Amino acid sequence: MGSFKLGGMTLGSLFKKPETVCYPAEVKPAPKGLKGHVVVDADHCILCGICQKTCPCHTITVDKKARTWGINPFMCVQCGACVRACPKHCLAMDPAYTPVATAQSCTVVEVPDPKAEAAAE
């Protein structure tokens, strides 16, 4: 019984388009509903730290003194809790695959100071 199913799958795959692609030469389109990864719009971030408190995996770090916002993408589970909790809506889930990395590293973004920019003008 099992060999008939296996034979049917084998013969069926001869006439279908393959499921795999030659990555990185070809990129498979993202499926509908893919959450992707968290991106930040640093220009609108006020460094309130609500995203850091809401994150269940503790992947987000907010440093008000250094004016930096960071995330460890290898610990993130893409739940989107930080995106929903952000009061300024500066976080978003980018519906694309996470970029390929050769080493584990945190993504740190420097948040510009609007008071310093206003004083410079």
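Residues numbered from 1 in each chain as written. Predicted model: local features only at pLDDT ≥ 70, side-chain atom pairs only at ≥ 80, totals over all residues. Heavy atoms only, no water.

So, the overall build of the chain
Looking only at helices and strands, one finds 4 helices and 5 strands in the chain. Its helices and strands taken in sequence order, the chain reads α-β-α-β-β-α-β-β-α from the N to the C terminus. Taken over the C-alpha trace, the chain has a radius of gyration of 21 Å; the compact-globule value for 121 residues is 14 Å, which it surpasses by more than 25%. Counting only C-alpha atoms and orienting by the principal axes, one finds that the chain spans roughly 75 × 30 × 25 Å. Here the chain, with 121 residues, has 21% of them falling under the buried criterion. (Helix = DSSP H or I, 4+ residues; strand = E, 2+ residues; numbered from the N terminus. Rg over C-alpha atoms; globule rule 2.2 N^0.38 Å. Buried < 20%, exposed > 50% of the residue type's maximum accessible area, 1.4 Å probe, protein only.)

Thoughts on the environment of Val-62
As for its position among the elements, Val-62 is in strand S2 (residues 60–63). For Val-62, a relative accessible area of 17% puts it in the buried group. Along the backbone, Val-62 and Glu-26 are 36 residues apart, and their C-alpha atoms lie at a distance of 37 Å. Here Val-62 is in contact with Leu-47, Gly-49, Cys-51, Gln-52, Thr-68 and Trp-69, once residues within four sequence places are set aside. (Contact = heavy atoms within 4.5 Å.)

Regarding the sheet that holds strand S5 (residues 107–110)
Picture the strands of a sheet paired through backbone hydrogen bonds; they go either parallel or antiparallel. A sheet is described by the order of its strands in space; here 3 strands give the open sequence S2-S3-S5, paired in antiparallel fashion. Strands at the two margins of the open sheet, each flanked by one partner only, are S2 and S5. The average undirected angle you get between the axes of adjacent strands in this sheet is 15°. For S2 and strand S3 (residues 68–71), the ladder comprises 4 bridges, and the chain directions are antiparallel. (Pairing = 2+ DSSP bridges. Axes fitted to C-alpha atoms, helices over the stretch in contact; angles between N-to-C directions.)

Let's talk about the nonpolar core
Formed by 16 residues in total, the largest nonpolar core has its most connected members in Val-38, Cys-51, Ile-60, Trp-69 and Leu-91. Of all elements in the fold, only S2 and S3 reach the threshold of two or more residues within this core. When near neighbours in sequence (up to four residues on either side) are disregarded, Leu-91 contacts Val-38, Val-39, Val-40, Cys-51, Trp-69, Cys-82, Val-83 and Cys-86. (Core = buried A, V, L, I, M, F, W, Y, C linked by side-chain atoms within 4.5 Å.)

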